[in-house]
Each structure stands twice: as structure tokens, then as C-alpha cells.
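Coordinate analysis (summary)
The primary structure of each chain is shown beneath.
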Amino acid sequence: METLYMKSRTLFLSLILMSLLSSLQAQETDLFQIWPDTILSKANSASQVSYMSDQEKNVVFYINMCRVNPPLFAETYFTDYIKERKIKKDKDVKGLIKFLENTKPRVILQPNELLTDLARNQAKDMGESGRTGHNSSDGTAYRTRIESAMKSFNGVNENANYGNEMGIDIVIDLLIDRDVPDAGHRKNILDPEMEFVGVAIEPHRRFKFNCVQDFGGSRLK
């Protein structure tokens, strides 16, 4: 039979546990409150464009959140993401965290329709053909394919991701860059020379979805 002492002890322990959980939740909330509304608004730079879907706009948003404050992104959005999805902190994840902690702020990328058209054409081509990579399905090399964009921007970089439909999943996957020795996708996302971005998410015959991101440097006059 449960005694009054046992009931009181159980209640006491429950209150302590509730207090600890409340404290942890408050700490997590405080971390996210560090992001000013003005930064959130600026990072959502593609919110008003008509040539991107909602998830494509989310790709731009999360890329910009990472660029504007890499260490804080690692501490908030990225930490929350890997906890929620129970992703182990292997060498790739630890490498990303260290990379972000030591990366200075970058300029917020602005959406660009020319770059989005470039990304859209490649995403549709890869999706319909079931291929992967940066060359066209007809054999056109990447450098040849982006020549038109190179006339407008001081440098163009491209990322491709397969199997993800949601913006946050695409960005985090490319940032972790698992099994990519030079972390080239991560470097493209955080390239300090880039100022503009185009994003396209299209169906893919083999992987269900594929996303292409094209980044552009300063505009050429």
C-alpha cells in the first residue's frame, strides 16, 4: 500500500522533472528568439517572387539563414533538425558544425529569374531522363550549359540534390554533404562571392524529386 511519504516523494520528483523540462524548453526558445524579425524577413528574400514554389522559396530562406549567421544556424536550426530526426553526430555532421562555427557572415542572396530558369531547365532534364549530375542529358557539358548565365554574372556555381522535396531537407542534406570529400555543395551555399540564387524542384524518375540551385556572383554591367 502506497504511503503518504511515497506519494509526496513521487510528486516532488515529478515537479523537479517538469521544472527541468520547462527550463530546457525555455532555453531552446530563447535561442530561436535571438533571430530578429528583420533578419527573418530579409532571409525570406524570395517570398514575393512568382517563379518559385513555396518549397523553392524555403530553400532560399534556409540558405540565407545559414549565410547570415553560420554559428547561430548551427546552434539553432541545425541542432534542432538533427535532434528531431535522430541523426547521429558522425564525422560529416561534426565537420559541418565545426565549419559553421568558424564561418563569418555572408551577404543574403537575392532571388534571380535567369538563374531560376537555368536551374529549372536542368532539374526538368534530369528528372525526365532519370539522370544525375550537371551535364545535360544530350551530353552538353556543364560549362557550355551555363554560358548564357556567365554573361550576366561574375561566376556561377551549381548544386544538385536528389530524393528530397522539402526545402529544409534539401539545404541540410547539401550542407552535411555526406561522402563528398571536398564538401563542394556546402562551399557553394556559403560562397562569399555569391549574391544571387535560382532554385528549382522538379519530379525525378528515379529519386522522386530533384533540386537544382544555381548561384551567381555580382551582376556584370
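Before reading further, recall that the structure is shown in the block above.
Below is a short write-up of the structure. Treat the numbers as computed from the prediction; the structure is a model and nothing was measured.

Rules and cut-offs
Residues numbered from 1 in each chain as written. Predicted model: local features only at pLDDT ≥ 70, side-chain atom pairs only at ≥ 80, totals over all residues. Heavy atoms only, no water. Salt bridge = Lys/Arg side-chain N within 4 Å of Asp/Glu carboxyl O. Helix = DSSP H or I, 4+ residues; strand = E, 2+ residues; numbered from the N terminus. Buried < 20%, exposed > 50% of the residue type's maximum accessible area, 1.4 Å probe, protein only. Axes fitted to C-alpha atoms, helices over the stretch in contact; angles between N-to-C directions. Parallel < 35°, antiparallel > 145°, perpendicular 65-115°, else oblique. Contact = heavy atoms within 4.5 Å. Nonpolar A, V, L, I, M, F, W, Y, C, P; charged D, E, K, R; others polar. Core = buried A, V, L, I, M, F, W, Y, C linked by side-chain atoms within 4.5 Å. Phe/Tyr/Trp six-rings, centres within 6.5 Å; stacked < 30°, edge-to-face > 60°. Pairing = 2+ DSSP bridges.

1. Looking at the pattern of salt bridges
- One pass over the structure, following the stated rule, counts eight salt bridges.
- A salt bridge links Arg 178 to Asp 92, with the shortest nitrogen-to-oxygen separation between them at 3.7 Å. With Arg 178 in the loop between helix H9 (167–176) and helix H10 (184–189) and Asp 92 in helix H5 (residues 91–101), this pair connects stretches of sequence that are 86 residues apart.
- On the basis of relative accessible area, Arg 178 is assigned to the partly exposed category, the value being 34%.
- For Asp 92, a relative accessible area of 14% corresponds to the buried category.

2. With respect to the packing of helix H3 (residues 54–68) against helix H4 (residues 70–84)
- Remark: H3 packs on H4, axes separated minimally by 5 Å, with the N-to-C direction vectors making an angle of 120°. Overall, the two elements H3 and H4 adopt an arrangement that is oblique. Every residue of H4 that contacts H3 at Phe 61, Tyr 62, Met 65, Cys 66, Arg 67 and Val 68 is listed here: Pro 70, Phe 73 and Tyr 77.
- A breakdown of the residues in the contact of H3 with H4 according to their chemical character gives eight nonpolar, no polar and one charged.

3. A closer look at the nonpolar core
- If you look at the biggest cluster of nonpolar residues, it comprises 41 residues, and the most contacted ones within it are Phe 73, Phe 78, Ile 172 and Leu 175.
- When residues of this core are traced back to their parent elements, those giving at least two are H3, H4, H5, H9, strand S3 (196–204) and strand S4 (208–216).
- Residues within four places of Phe 73 in sequence aside, it is in contact with Trp 35, Tyr 62, Met 65, Cys 66, Phe 78, Leu 100, Ile 172 and Leu 175.
- If you look at the next biggest cluster of nonpolar residues, it comprises eight residues, including Tyr 142, Ile 146, Val 156 and Phe 196.

4. With respect to H9
- Counting buried positions along H9 gives nine out of 10 residues, so the element sits mostly inside the fold.
- Buried within H9 are the following residues: Gly 167, Ile 168, Asp 169, Ile 170, Val 171, Ile 172, Leu 174, Leu 175 and Ile 176.
- Trailing H9 by a residue or two, Asp 177 shows a phi angle of about 50°, which is positive.

5. Things to note about the packing of aromatic side chains
- Applying the stated rule across the entire model yields six aromatic pairs.
- Judged by centre distance (5.7 Å) and plane angle (55°), the rings of Phe 153 and Phe 196 are tilted. Here Phe 153 is found in the loop between helix H8 (147–150) and strand S2 (156–162), whereas its partner Phe 196 is found in strand S3, with 43 residues between them in sequence.
- Its relative accessible area of 17% is what places Phe 196 among the buried residues.
- For the pair Tyr 162 and Phe 207, a centre-to-centre distance of 5.7 Å together with 50° between the ring planes defines the contact as tilted. Of this pair, Tyr 162 sits in strand S2 while Phe 207 sits in the loop between S3 and S4, and the two are 45 residues apart along the sequence.
- Relative accessible area serves as the criterion here: at 23%, Tyr 162 is assigned to the partly exposed category.
- One aromatic cluster is present, built from ring pairs that chain together Trp 35, Phe 61, Tyr 62, Phe 73 and Tyr 77.

6. Structural notes on the side chain of Gln 213
- Within the secondary structure, Gln 213 is located in strand S4.
- In this structure, Gln 213 is in contact with Val 59, Ile 63, Asn 157, Glu 158, Asn 159, Ile 170, Leu 174, Ile 189, Gly 198 and Val 199, ignoring residues within four places of it in sequence.

7. Here's the deal with the pairing of S3
- Of all nine residues in S3, eight are buried; the element is thus mostly enclosed.
- The pairing of S3 with S4 spans nine bridges and is antiparallel. Counterpart to Phe 196 in the pairing with S4 is Gly 216.
- Between S3 and S4, which pair antiparallel and follow one another directly, the connecting turn spans three residues.

Such coordinate-based values are descriptive only and should not be taken to indicate function.
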